[in-house]
Amino acid sequence: MARSPVVVRRALPSDAEVLAALHARLYPAHAVTGLRPRLTAALARHDVEVQLGVVDAGCGAEQVVGVLVLRLTEVVALRPGGAVHVEQLWVDPEWRRRGVARSLLAAAARTAERLGVDDLACAVPAGSPSGREVHRFLARLGFGPAVTLRTADVGRLQRRLLGSGAGAGAAADPRRRTALDQLVARRRRQLLTGVERRAAGT
Ligand SMILES: CC(C)(COP(=O)(O)OP(=O)(O)OC[C@H]1O[C@@H](n2cnc3c(N)ncnc32)[C@H](O)[C@@H]1OP(=O)(O)O)[C@@H](O)C(=O)NCCC(=O)NCCS
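Residues numbered from 1 in each chain as written. Predicted model: local features only at pLDDT ≥ 70, side-chain atom pairs only at ≥ 80, totals over all residues.

Quick word on the sheet that holds strand β3 (residues 61–73)
Threshold: In this description, strands pair whenever DSSP reports at least two bridges between them. What counts as a helix is a DSSP run of H or I of at least four residues, what counts as a strand is a run of E of at least two, and both are numbered from the N terminus. To define axes, lines are fitted to C-alpha atoms, for helices over the stretch in contact only, and angles between the resulting N-to-C directions are given on a 0 to 180 degree scale.
Ordered in space as β1-β2-β3-β4-β5, the five strands form an open sheet in which the pairing is mixed. The sheet is open, and its two edges are formed by β1 (7–10) and β5 (119–122), each paired on a single side. Going across the sheet, the axis of each strand differs from the next one's by a mean of 30°, ignoring polarity. Where β1 lies against strand β2 (residues 48–58), four bridges are found, and the strand directions are antiparallel. Considered in β2, the bridge of Arg 9 is made with Leu 52.

Written out as structure tokens, the structure is:
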């Protein structure tokens, strides 16, 4: 039986439920509390655009078979003009090699054109088979490497920075801060005692 054609449409805040279900499917090990309201808020932002590839699932219902998340930035450091960033691109394995991703990227290109932006940048997951798949797909469309994005766990980074003595010096180290607080308190007491003595004329 022939499959119904894929239509690309922009996700609205009312699609938060659909996206939450997609998130649960893509990241089954990463349940996020309060995801639905967060998605509703994200979908209402002017700098976020989510495009969905949908097919007719019958009885007036639709099935999401692809998703593309765009972040629209007005300024990009060290580069003139803004850029449209593809944060996520995913197509349901059952629907791959049917042009869904190309249709989603075409929507992204239209958005960039509308904004008068020259560059479309695409984030690709590193070191995974799906990442390699996206790399190959994008390379064939002419996307070249631009920057390497490294991420760090914030807590681990802070511990490393403290360990190396970087940061705000004494203020960044709780032990040194306590010693400093004690010194300031002692000096304040000494000053007060001096002032009281002078006031008493002793
Ligand atoms: C990479 C990915 C997005 C491609 O999606 P897709 O919908 O299969 O892509 P398209 O169908 O538009 O194009 C794929 C290929 O199929 C070809 N194709 C498109 N329509 C076709 C058709 N009707 N018949 C045959 N081939 C077709 C395209 O020309 C393209 O060929 P190429 O690979 O030689 O360039 C998809 O494989 C994917 O989602 N991978 C996982 C990514 C992921 O995990 N993302 C989550 C983290 S961000």
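Digging into the site of the ligand
Just so we agree on the cut-off: Being near a molecule or strand means, for a residue, that its C-beta atom, positioned from the backbone, comes within 6 Å of it. Amino acids are sorted into nonpolar (Ala, Val, Leu, Ile, Met, Phe, Trp, Tyr, Cys and Pro), charged (Asp, Glu, Lys and Arg) and polar (every other residue, Gly among them).
Near the ligand lie 17 residues; those nearest to it are Arg 96, Gly 99, Ala 101, Arg 102 and Ser 130. For the shell around the ligand, the secondary structure elements donating two or more residues are β4 (83–91), α3 (100–115) and α4 (129–140). With five residues, the top contributor of residues to the shell around the ligand is α4. Classifying every residue of the shell around the ligand gives eight nonpolar, three polar and six charged.

Notes on unusual backbone geometry
What counts here: Burial in this document is a count-based property: other C-beta atoms within 10 Å of a residue's C-beta are tallied, and the residue is buried at 20 or more, exposed at 12 or fewer, or partly exposed in between, with C-beta positions derived from the backbone.
Phi at Cys 59 is positive, roughly 55°, even though this residue is not glycine. Tracing the backbone shows Cys 59 in the loop between β2 and β3. Among the residues examined, Cys 59 registers 5 C-beta atoms within 10 Å and is labelled exposed. The phi dihedral of Arg 97 is positive, around 60°, even though this residue is not glycine. Mapped onto the elements of the fold, Arg 97 is located in the loop between β4 and α3.

Some points on the pairing of β4
Selection rule: Throughout, right-handed denotes a crossover for which the path from the first strand over the helix to the second runs clockwise when the strands point away from the viewer.
In terms of strand pairing, β3 meets β4 through eight bridges, oriented antiparallel. Within β4, the residue paired with Val 67 across the bridge is Trp 90. By the bridge criterion, four bridges tie β4 to β5 in an arrangement that is parallel. The partner of Ala 83 across the bridge, within β5, is Asp 119. Note that the unit made of β4, α3 and β5 has a crossover that is right-handed.

Brief notes about the nonpolar core
Cut-off, in case you're wondering: Buried Ala, Val, Leu, Ile, Met, Phe, Trp, Tyr and Cys residues form a nonpolar core when they are connected through C-beta atoms within 7 Å. Two residues qualify as a contact pair if the distance between their C-beta atoms, derived from the backbone, is within 7 Å.
One finds Val 67, Leu 68, Leu 89, Leu 104 and Ala 108 to be the most contacted residues of the largest nonpolar core, which totals 26 residues. Of all the secondary-structure elements, those providing two or more residues to this core are α1 (16–26), β2, β3, β4 and α3. No other element matches β3, which puts six residues into this core. With residues near it in sequence (within four places) discarded, Leu 89 still touches Leu 68, Ala 101, Leu 104, Cys 122 and Val 134.

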